[in-house]
Structures are given as structure tokens and as C-alpha cells.
Amino acid sequence: MNKVIAYLKPYRNSMLYGLFIKVIGTFLDLGLPWVLAYIIDEVIPFKKISYILLWGVVMILLSVGARTFNIKANRNASKVAKDTVKTLRHDLYKKIQSLSGAQIDYFTIPSLGSRLTTDTYNIHSMISMMQRLGVRSPILLLGGIVITSTLEPVLTLVLAGIFPFLILVVFYISKKGIPLYIQVQSSADRLVRVVRENISGIRVIKALSKTPYEKERFKKVNREVVNKELKAGITMAVTDPIMNLLLNLGLTLVIVIGAYRVNSGSSEPGKIVAFLSYFTLMLNGVIGITRIFVIYSKASASAARIEEVLVIEDDLKEMNIEPVQTEYHIEFRGVSFTYTREPCIEDISFALKRGETLGIIGSTGSGKTTLINLLMRFYDVSEGSILINGRDVRNYNKQELRKKFGVAFQNDVLFADTIYENIKLGRNLSREQVKTALTHAQADSFIQELEGKLDFKLSIKGSNLSGGQKQRLLIARALAGNPEILILDDSSSALDYKTDSLLRKAIREQYHDTTSIIIAQRISSIMKLDHILVVEEGKMAGYGTHETLLETCEVYQEIYHSQMM
């Protein structure tokens, strides 16, 4: 919670101002019952309308003043909460963007989304509520006790005897509630993950008639969230009934004892009426404190989840590794990598000169995409090294390193924006550069038929385009920046053979100084490249030209005969 609370420091003066006017407004509220008691016991016996009207005006002024100050303080509290959480959310988003692949795997994407939305909302509620009820409720409670002790010390002792029990209830239940809300958020993360998977794969689910199965799967995880929320809600909901029971017990004793004291002449009716009014204010104070503890329990759980992301150290720090003299542009030297316990990539070595092309082929799950993730340093190698221009990728600033690449990933994303903005993607690219990249990616033909052409608005994930059209836009995005290294990760699988052939020809002729790595499932997409790497179960099954592999690599021969014969 400390790291989250630190975000309030820039708004300290604004908070102090809000707290000050909140205190004034609350004290004005506390003054109303005292004036009422004075009118009943001291002014009315004089039977002068002018005095009654005068003190009535005083009560109106107190009431209007209390409302005005409280409203102003509440608005200020909302502004502080809004601005604080805006900064917190921005920093959390920035931190998420900088996480390594391993760290994203650890937190999971649904959980990071939940921390950025639900958890920051809980922090917003806490900051706002603490400035409103956090000041008002204690003052109503303690101020009520002080004032009633001057009016009716005996009756005040009755209420004072109840407060230790109230504090014990709040402390015990809050201690139980915080772990329960952490469990609720973890269950909500699993729910979000299932929803994301179902929405992303809705076509597959329908095509395979798996709707009933997925409904049952969602029902199960939804039931888990409901049960956790119910358990946390029931635990925290016990507070109100117990506190009301204790306070109503105290109120009953106050009325009985107060009636006895008025009857015996030990007290006055106005004081009893004022005491009951103060009792209502103190009751509101206690209820407010209860709400604070409930909201704090939620916010404490959320703050812990947010801080877990904010404080995590960068596991891809820049290292001071001595560069080497080499004629190669890209080198893998005995590279191994382990996701969990079993090696995913084991002892991979190859080298490419500038402008050369490499095709990577292998069965699903053989480690092809992992090689790209290591080259771009989304993960660090477990053993060996990867060099670019003789310099270890761990020796690069991450931003400097990734500017070298133009990438079209296997499951890449198109945003709900124009074609131009999707290709540009925040880079300093002119419309002519974008048009050139689209032409080389064989996308110009279908774009000319679209209404608005470059300004044609895509739906989310490009759902208003065909699979082949989306792939050509993604390839154009990778080509647009004229990258030093081009990576196409199975990004032409939806293209027909003619378009695929024209694409490879354009890359070969127009980007001859760019070192290209192409991951493919089809041999026809890589057979004319300078080098081909065959990967099988994370190991090198073969490396060489198409002709060499046909003679020496059994795995490559099997792929070739299954596709080309």
C-alpha cells in the first residue's frame, strides 16, 4: 500500500485544503443538535418569537454552511482521487509495456488487464472515500462523544461502554476480509482469461459445436468467482448487523435512562432530544467507519497486486559484454533456452551475413517462434549467446535493439483504425512510404478497391478483411520502416501460391540489404532462400540449402515429400 499511497504526494496541498473544509463542514453539522437543545431548554421558555426566529436562522445558516463545505470537500476529494489514479494507471500501463516475456507469462495477460482496470478502480474508491468519510466519520463519532459528555455525562458513559466492542468487531472482520478479496481478484483473473479465450476463439467453438462445453466451462469459473465474492461479502456484511445491534442496544438504554432522568428532574428534555440527534450522527460516523474498512480491505488487496507489478525488477537488464569482430550480421552461438524445467531450445548455432535470407521450418511446437523471441530479446538465453553485428543482444538497449527489426508475427494484431495508421503505427512514415510497403506486400491491389483506400477504417482485429488481406497488411507494416532485419513468422500461410511467390520476389529485389528470417510451414515459401534451418523438438535437425537438406536431412525429406510429391 505504501507505494500506492506515495502517488498522493503531488496532491498533498489539495488534500489538506479538502480536509480542512471537510472538518469545518462536519463541525457545523455537530453544532446543529446543540443549538436545538438550547432552543428547547433556554429559548422557548422565554416565549419570545423573535428569539426563536433568531436561533432558527442560526440553525439554517449552520445547515447551509455544513452542506456547502461538505459538497465542496467531496468534489475536491473526487478530483484528487481521479488525478492520482490517472497517474497510477499510466505508470502501471508503462510498466506492463516494459515487462519481459517471462514476466508476462508469470502474471498472465488477463491478470494484468484486471490490475489495470478493477484494481485501480478499487484504489480510486478508497482515496475518494478516505477523504470524505475518513475525516467526517471519526469527527462525528469522537466529536459527538465530547459534546454529549458535556450535555449528559451519564448517558455518554452508556454509549462509551459499547465502543470497545464496535472496534473489536471492525478489526476482526477486516483482518478476515483482506485475504478473501485477494482470492476474489485471483478468481476474477481466471474468469477474464476464459472470457478472452472464448471471444477470441468463438468461430472455432461454433465450428466444432463446442458451445455447450464452453458454457459449462464458463459456468464453473463464474460459480467460483460468485462463491468467493459471496464468502467475502458475507464476512464483511456481518459488520453492519452486529454494529447496529450494539448501537440499538445502546440507544434503548439511552432512551430508558434518559426518560428516567427527565422524570426525576436530573435532566432536561432539550438535552435528551439533542442527545438522540447526536446518537444518530454518531451512528452515521460508525457506519462510515465500517464502510471505510470494507473499502480499505478491497483496496489493500488491489494495492498489493498493483505493487507486485510496479516493483518487479527488469530481468532483461543491459549487460556489459565485450563485442567481437565478425563478418556476420546475425549469429546464434550454442543457444539453449528453458521455459520451465525441460529445454525448449537446445544448442542452436548458425550465422547470417548482411542481406542473406534464412528459412526456419519444423513441426508445431518445435521452437521456431522461440528463436525469434530470443533474437528480439523478449526472453534471455539460458546458455550461449546471440550476436548482431558482433554485439551480444544483451549488450543493447532494448529500444535500440528492437528498432532494427520489422516483424510480422504469427498471430499479430490489426487495430480499429485506418489502414494508414495501422501500417504507420506511430512511426515517422509518410503516406508514400506506406504505399510503397503495401505495393511490395502485394496489398495494393485490394486496397484500391476499398472505399477510402488508405483511410479505410478497419474493424477490431481487422475482422472486415479476409485472412490473406490481413496478412498482407501485417507484412506491409513490417516492411514500411525499411528494417535492418526482417522477420516473418508464418505470416504468409493464408496467401495463395502466386501471391506468396510475388511477395518473396519483391522482398528479394527491393530489400536486398535487409537480413531476412522467414518461418514457414510450406517448403515452397523458403526453398529458394540462402539458408534453411530445420528444427525438431528444439534441436537442429538440419542446416543448409534446399538441395543440401534434400540429401542430408531426413526430417526435411519427409516434409518435402509430404508437401511437394
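See the structure shown above.
Bear in mind that the values here come from a model prediction, so they are computed numbers and not experimental data. (Residues numbered from 1 in each chain as written. Predicted model: local features only at pLDDT ≥ 70, side-chain atom pairs only at ≥ 80, totals over all residues. Heavy atoms only, no water.)

A. Geometry of a nonpolar patch on the surface. On the surface, Leu230, Ile234, Val238 and Ile242 cluster together into a nonpolar patch covering about 310 Å² of accessible area. Relative to the helices and strands, isoleucine 234 is located in helix H9 (residues 211-237). (Patch = residues over 30% accessible without salt bridge, like charges linked within 9 Å, V, L, I, M, F, W, Y side chains within 5 Å. Areas by Shrake-Rupley, 256 points an atom, 1.4 Å probe, with all protein chains shown as cover. Salt bridge = Lys/Arg side-chain N within 4 Å of Asp/Glu carboxyl O. Helix = DSSP H or I, 4+ residues; strand = E, 2+ residues; numbered from the N terminus.)

B. A look at the packing of helix H5 (residues 109-151) against helix H11 (residues 269-310). Contact geometry of H5 with H11 gives a least axis separation of 5 Å together with a crossing angle of 155 degrees. When the axes of H5 and H11 are compared, the pair comes out roughly antiparallel. Like other packed secondary-structure pairs, H5 and H11 cross with a definite hand, here left-handed. Taken together, the residues of the contact of H5 with H11 break down into 26 nonpolar, 13 polar and seven charged. (Axes fitted to C-alpha atoms, helices over the stretch in contact; angles between N-to-C directions. Parallel < 35°, antiparallel > 145°, perpendicular 65-115°, else oblique. Left-handed = near helix turned anticlockwise from the far one by under 90°. Nonpolar A, V, L, I, M, F, W, Y, C, P; charged D, E, K, R; others polar.)

C. A look at the nonpolar core. Within the largest apolar cluster, 44 residues are counted, with the highest numbers of intra-cluster contacts made by Ile419, Leu438 and Leu473. Contributing elements (two or more residues each) for this core: helix H14 (419-424), helix H15 (431-440), helix H16 (444-447), helix H17 (467-480), strand E7 (485-489), helix H18 (497-510), strand E9 (531-536) and helix H20 (554-564). Examining the composition of this core, we find that seven residues originate from one element, H17, more than from any other. Leucine 473 has contacts with Leu414, Ile419, Ile423, Leu438, Ala443, Phe446, Ile447, Leu458 and Leu465, leaving out every residue within four places of it along the chain. Among the nonpolar cores identified, the runner-up in size contains 31 residues, and Met376, Ile485, Leu533 and Val535 belong to it. (Core = buried A, V, L, I, M, F, W, Y, C linked by side-chain atoms within 4.5 Å. Buried < 20%, exposed > 50% of the residue type's maximum accessible area, 1.4 Å probe, protein only. Contact = heavy atoms within 4.5 Å.)

D. Spotlight on helix H6 (residues 153-160). Those residues of H6 that fall on the buried side of the exposure criterion are Leu155, Thr156, Val158 and Leu159. Relative to the axis of H6, the buried residues are bounded by an arc of 150 degrees and lie together on one face. (Arc of directions from axis to C-beta.)

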